[in-house]
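For reference, the chains in residue letters:
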Amino acid sequence: MPDKIPCSAIVFDFDGTLADSMPFLESIGVEMMMKYIGISEEEATSRYRSTTGLPYEQQVKMSFPDDSRNQAAIEEFEHLKIERIFEQELFPDSVATVERVRTKGIDVFVSSSTFQPTIEEYFRRRGILHLFKAILGYRPGFEKGADHFNHIHKTYDIPYDKIVFVGDSLKDFERSRGFCRFIAVSRMFKARDFRRLGHKGPVVRHLSEVTSYVSTV
Ligand SMILES: [Mg+2]
């Protein structure tokens, strides 16, 4: 068995980690870049993937700084997203994993680049909102990463070294650096992609494996 990480809180990313929403989000994200910026599907896919994990607003602005067409792309993306995000399924082991973590006495949080009310509504419709201590979503000035980890630390009095973040994107790992431990979920990215960035901790293929890497403090 691997060495277990003692923790009081596990923070799950939402899109691509708990919810199988990345194929949908990537398809509309790429489509909007092609439609409004006029780039090829190949280039749009590459731009999307290299910035995935960030709010779409930032993905577009980082890819095309100061482009006046960005706002229209962002607005239509958010419109298309809210129309169909609730149809996107959770991964088959998401609920069981969250329940097992709670059984260990570890609090469960969500930290996401999706807006907080959207995620709350998503879980409410599935009757599982009560499983989470708090849902932290994106708003300008309050992002996945430093803002969310600082909030969990201060509001719930949890030491940074007792927080584990579980995410599927390279940006998730980068944003956990200097704050908390990280468990990578290998779906969009391979283990070697996370290793290349310096991630030395666990890489799992299925969310259910997370419980074998953590223990109660
Ligand atoms: Mg994600």
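Residues numbered from 1 in each chain as written. Predicted model: local features only at pLDDT ≥ 70, side-chain atom pairs only at ≥ 80, totals over all residues.

A. View of the pairing of strand β2 (residues 9-12). Burial of the side chains of β2 extends over both faces: Ala9 and Val11 are buried on one face and Ile10 and Phe12 on the other. Where β2 meets strand β3 (residues 107-111), four bridges bridge the pair, whose relative direction is parallel. Note on β3: the bridge partner recorded for Ala9 is Asp107. As defined by bridge partners, β2 adjoins strand β5 (residues 163-167) across four bridges and the pair is classed as parallel. Residue Phe12 lies in a different strand from β5, and its bridge partner there is Val166. (Buried ≥ 20, exposed ≤ 12 C-beta atoms within 10 Å, placed from the backbone. Helix = DSSP H or I, 4+ residues; strand = E, 2+ residues; numbered from the N terminus. Pairing = 2+ DSSP bridges.)

B. Summary view of the pairing of β3. Across three bridges, the pairing between β3 and strand β4 (residues 134-136) is parallel. From the neighbouring strand, Val110 faces β4, where its bridge partner is Ile135. Taking the sense of rotation as the criterion, the β-α-β connection linking β3, helix α6 (residues 116-125) and β4 turns out right-handed. (Right-handed = clockwise from strand over helix to strand, strands pointing away.)

C. Looking closely at the sheet that holds β4. Spatially, the six strands line up as an open sheet ordered β4-β3-β2-β5-β6-β7, and their pairing is parallel. Edge positions in the sheet fall to β4 and β7 (203-204), since each has one partner strand and no second. Where helix α7 (residues 146-156) meets the sheet, it contacts β2, β3, β4 and β5, and its direction lies at approximately 150° from that of β2. (Contact = placed C-beta atoms within 7 Å. Axes fitted to C-alpha atoms, helices over the stretch in contact; angles between N-to-C directions.)

D. Highlighting the packing of helix α2 (residues 41-51) against helix α3 (residues 56-63). One can describe the packing of α2 onto α3 by two numbers: an axis separation of 10 Å at closest approach and a directional angle of 120°. When the interaxial angle is binned, α2 and α3 end up oblique. Of the two elements, α2 crosses α3, and the hand of that crossing is right-handed. Residues Arg47, Tyr48 and Thr51 of α2 lie in contact with α3, whose contacting residues are Gln59, Met62 and Ser63. Counted by class, the contact of α2 with α3 contains two nonpolar, three polar and one charged residues. (Parallel < 35°, antiparallel > 145°, perpendicular 65-115°, else oblique. Left-handed = near helix turned anticlockwise from the far one by under 90°. Nonpolar A, V, L, I, M, F, W, Y, C, P; charged D, E, K, R; others polar.)

E. A look at α3. Turning to α3, its buried residues number three or more, namely Tyr56, Gln59, Val60 and Ser63. One side of α3 holds all its buried residues, which, seen down the axis, span an arc of 90°. (Arc of directions from axis to C-beta.)

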